[in-house]
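Coordinates in review
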Amino acid sequence: MTNAYIIILNWNNWKDTLICLESVFRNDYPHYKVVVCDNGSKDNSLSYIKSWADGMLDAFSTPEFHLRNYMFPPVPKPIKFKDYNKSAAEMGGDIGDKESKLILIQTDDNLGFAGGNNVGLRYALSRGDFEYVWLLNNDTIIRPDTLSHLVKRIGKSNDIGMCGSTLLYYDKQHIIQAYGGGIYNKWFGFSRHIGAFNDFNKPIDQKSVETKMDYVVGSSMIIPKKFLEDVGLMSEEYFLYFEEIDWATRAKKNYTLAYAPESIVYHKEGISSGAGNNPKQKSAYSDYFFIRSRLLYTRKFYPFVLPTVYLGLLLTIFNRIVRRQYKRVVMIIKIIFNRDYKINSLKKY
């Protein structure tokens, strides 16, 4: 039985995906299958991933690469794989296939974070041969025991719906990105990662973290099969951002959130969306979807706090004026009034 499906979403970033896969196929959890969902990449990502699985292409790293020991030397190849289009995958693919450790799915379009991952989730649910699904970002590297610690923590209670890892910065491994999840302020529509920028050597109070968590960071999030059957898949209305907190909000009456401190994930953060940890360097693409999703979520769950969220957006507009990002001011105003906005124009600024 496939005990856990590891779902990795790729979009025009096959080089990072190969590095991630090299670390994932070193993990010590015995019963797993890896599902890579390609979100309509234009860089022939799946061809490169297939070449890697066949042993014809190595993941790139240099001898100086600080996390090299988690992805080098290359895992034995070839790795048996199956590839499917979206419709075939969502029907469970080749139901008789028990040997393939790697499943490659072409979604044919950029379906967003939720949409792309949901294709992998539907594949797993159609097969039904699992207990857990682990959503893992492709711009990550894991330790061999990362998944084992997640399974150990989430298996301690039937009430746990999601469990997160300790996220560390890819280039600064001693700095915390998040203790599993974050805190959300519904009054202004802002979130913050728990433990952000703490030193990794600082003691972690697991119980304290879990009492604070409003959501699990989607970069590393394990979910039991029962949760998927009860709550459903991620909402695809957001496209980017707020999918995790939407999921957690829908489930909070019946499920709790958990954190596995010893489950370590090194994460680049914001590679695909242009949302790094420096607000001044946030891309217009990231800005657009964060503000849009912030309002969608508020209107859906907490419409009574819209006045204070709008007040917060006035401060955001002032901030963009100070930065002389005038086109973004127009963008924010159109989002507030639900006016159509051409996403392609965001590349210009």
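Small disclaimer: the values here were computed from a predicted structure and weren't measured.

1. Re the overall build of the protein
- Across its full length, the protein holds eleven helices and 13 strands.
- On C-alpha atoms alone, the protein measures out to a radius of gyration of 20 Å, which is about the 20 Å that the 2.2 N^0.38 rule sets for 349 residues.
- Counting only C-alpha atoms, the protein reaches 55 × 45 × 45 Å along its principal axes.
- The burial tally for the protein puts 54% of its 349 residues in the buried class.
- A separation of at least 24 residues holds for 74% of the contacts in the protein among residues at least 6 apart in sequence.
- When the accessible surface of the protein is totalled, it reaches about 15,900 Å², and 53% of it is carbon and sulfur.
- When the 46 basic and 36 acidic side-chain charges of the protein are each reduced to a single mean position, those positions are 8 Å apart.

2. Thoughts on the pattern of salt bridges
- Per the stated rule, a full pass over the model turns up 17 salt bridges.
- A salt bridge links Lys268 to Asp16; the nearest nitrogen and oxygen atoms lie 2.8 Å apart. One end of the pair, Lys268, is in the loop between strand S13 (256–267) and helix H9 (284–301); the other, Asp16, is in helix H1 (residues 14–24), and 252 residues separate them in sequence.
- Judged by its relative accessible area of 9%, Asp16 falls in the buried class.
- Here the residues in one salt-bridge network are Lys86, Glu90, Arg122 and Glu236, joined through shared partners.

3. Some words on the packing of aromatic side chains
- Scanning the model with the defined rule gives 24 aromatic pairs in all.
- With centroids separated by 5.9 Å and ring planes inclined at 15°, the aromatic side chains of Tyr169 and Phe197 adopt a geometry described as stacked. A residue pair is termed long-range when its members are at least 10 positions apart, and Tyr169 in strand S7 (residues 160–169) and Phe197 in the loop between strand S10 (190–193) and helix H6 (206–212) qualify at 28 residues.
- An aromatic cluster of three or more residues is present, and its members are Tyr184, Trp187, Tyr241, Phe242, Phe290, Tyr297, Phe301, Tyr302 and Phe304.
- Residue placement shows Arg68 over the ring face of Phe72; its charged tip is 3.6 Å from the ring centre.

4. Considerations on the environment of Ile321
- One can find Ile321 in helix H10 (residues 306–322).
- Judged by its relative accessible area of 40%, Ile321 falls in the partly exposed class.
- The contact partners of Ile321, leaving out residues within four places of it in the chain, are Tyr326 and Val329.

5. Describing empty space enclosed by the protein
- This structure, assessed with the given rule, holds one cavity of 30 Å³ or more.
- Of the pockets and cavities examined, the largest cavity occupies roughly 30 Å³.
- Among the residues making up the lining of the largest cavity, the classes are represented as four nonpolar, no polar and two charged.

6. Structural notes on H9
- The first and last C-alpha atoms of H9 sit 26 Å apart over 18 residues, in line with the 26 Å expected at 1.5 Å per residue.
- Every buried residue belonging to H9 is among Ala284, Ser286, Asp287, Tyr288, Phe289, Phe290, Ile291, Ser293, Arg294, Leu295, Tyr297 and Thr298, and all of these are buried.
- Contacts from the buried residues of H9 go to strand S9 (181–185), S10, helix H8 (243–251), H10 and helix H11 (326–336).

7. Observations concerning the sheet that holds strand S11 (residues 215–216)
- Spatial strand order, S10-S9-S11: three strands in an open sheet with antiparallel pairing. Strands with a single pairing partner mark the edges of an open sheet, and in this sheet they are S10 and S11.
- Looking at chain direction, S9 and S10 are connected through four bridges and run antiparallel. Note that in S10 the partner of Asn185 across the bridge is Phe190.

8. Describing the pairing of strand S2 (residues 32–38)
- In terms of burial, S2 is largely enclosed, as seven of its seven residues are buried.
- Of the two faces of S2, the one carrying Tyr32, Val34, Val36 and Asp38 and the one carrying Lys33, Val35 and Cys37 are both buried.
- Viewed along the sheet, the connection from strand S1 (residues 4–10) through H1 into S2 turns out right-handed.
- The sheet contact formed by S2 and strand S4 (residues 102–106) spans five bridges and is parallel. Counted as the bridge partner of Val35 is Ile103 from S4.

9. Section: the confidence of the model for the protein
- Residues with a pLDDT of 70 or more make up 93% of the protein, whose mean pLDDT is 91.
- Low confidence marks residues 343–349, where pLDDT is under 50. Its contacts with residues over four positions away, or in another chain, come to 13 contacts.

10. Considerations on the packing of H10 against H11
- Put simply, H10 and H11 touch, their axes get as near as 8 Å, and they point 165° apart. On the basis of the axis angle, H10 is roughly antiparallel to H11. Classified by chirality, the crossing of H11 by H10 is left-handed. Taken together, the residues of H11 that come into contact with H10 (itself represented by Tyr310, Leu313, Thr316, Ile317, Arg320 and Ile321) are Tyr326, Arg328, Val329, Ile332, Ile333 and Ile336.

11. Description of the state of the cysteines
- Enumeration over the complete set of coordinates arrives at zero disulfides.
- Sulfur of Cys20: no disulfide; nearest cysteine sulfur belongs to Cys37 and is 13 Å away.
- Sulfur of Cys163: no disulfide; nearest cysteine sulfur belongs to Cys20 and is 18 Å away.
- When its relative accessible area of 0% is taken as the criterion, Cys163 is described as buried.

Conventions adopted
Residues numbered from 1 in each chain as written. Predicted model: local features only at pLDDT ≥ 70, side-chain atom pairs only at ≥ 80, totals over all residues. Heavy atoms only, no water. Helix = DSSP H or I, 4+ residues; strand = E, 2+ residues; numbered from the N terminus. Rg over C-alpha atoms; globule rule 2.2 N^0.38 Å. Buried < 20%, exposed > 50% of the residue type's maximum accessible area, 1.4 Å probe, protein only. Contact = heavy atoms within 4.5 Å. Areas by Shrake-Rupley, 256 points an atom, 1.4 Å probe, with all protein chains shown as cover. Lys, Arg positive; Asp, Glu negative; His and termini not counted. Charge placed at Lys NZ, Arg CZ, Asp CG, Glu CD. Salt bridge = Lys/Arg side-chain N within 4 Å of Asp/Glu carboxyl O. Phe/Tyr/Trp six-rings, centres within 6.5 Å; stacked < 30°, edge-to-face > 60°. Lys NZ or Arg CZ within 6 Å of the ring centre and 35° of its normal. 1 Å grid on protein atoms, 1.4 Å probe; cavity = no way out; pocket = protein on both sides within 12 Å on 5 of 7 lines; lining within 4 Å. Points joined across faces, edges and corners; volume = space filled by probe spheres on them. Nonpolar A, V, L, I, M, F, W, Y, C, P; charged D, E, K, R; others polar. Expected span 1.5 Å × (residues − 1). Pairing = 2+ DSSP bridges. Right-handed = clockwise from strand over helix to strand, strands pointing away. pLDDT = per-residue confidence, 0-100. Axes fitted to C-alpha atoms, helices over the stretch in contact; angles between N-to-C directions. Parallel < 35°, antiparallel > 145°, perpendicular 65-115°, else oblique. Left-handed = near helix turned anticlockwise from the far one by under 90°. Disulfide = S-S within 2.5 Å.

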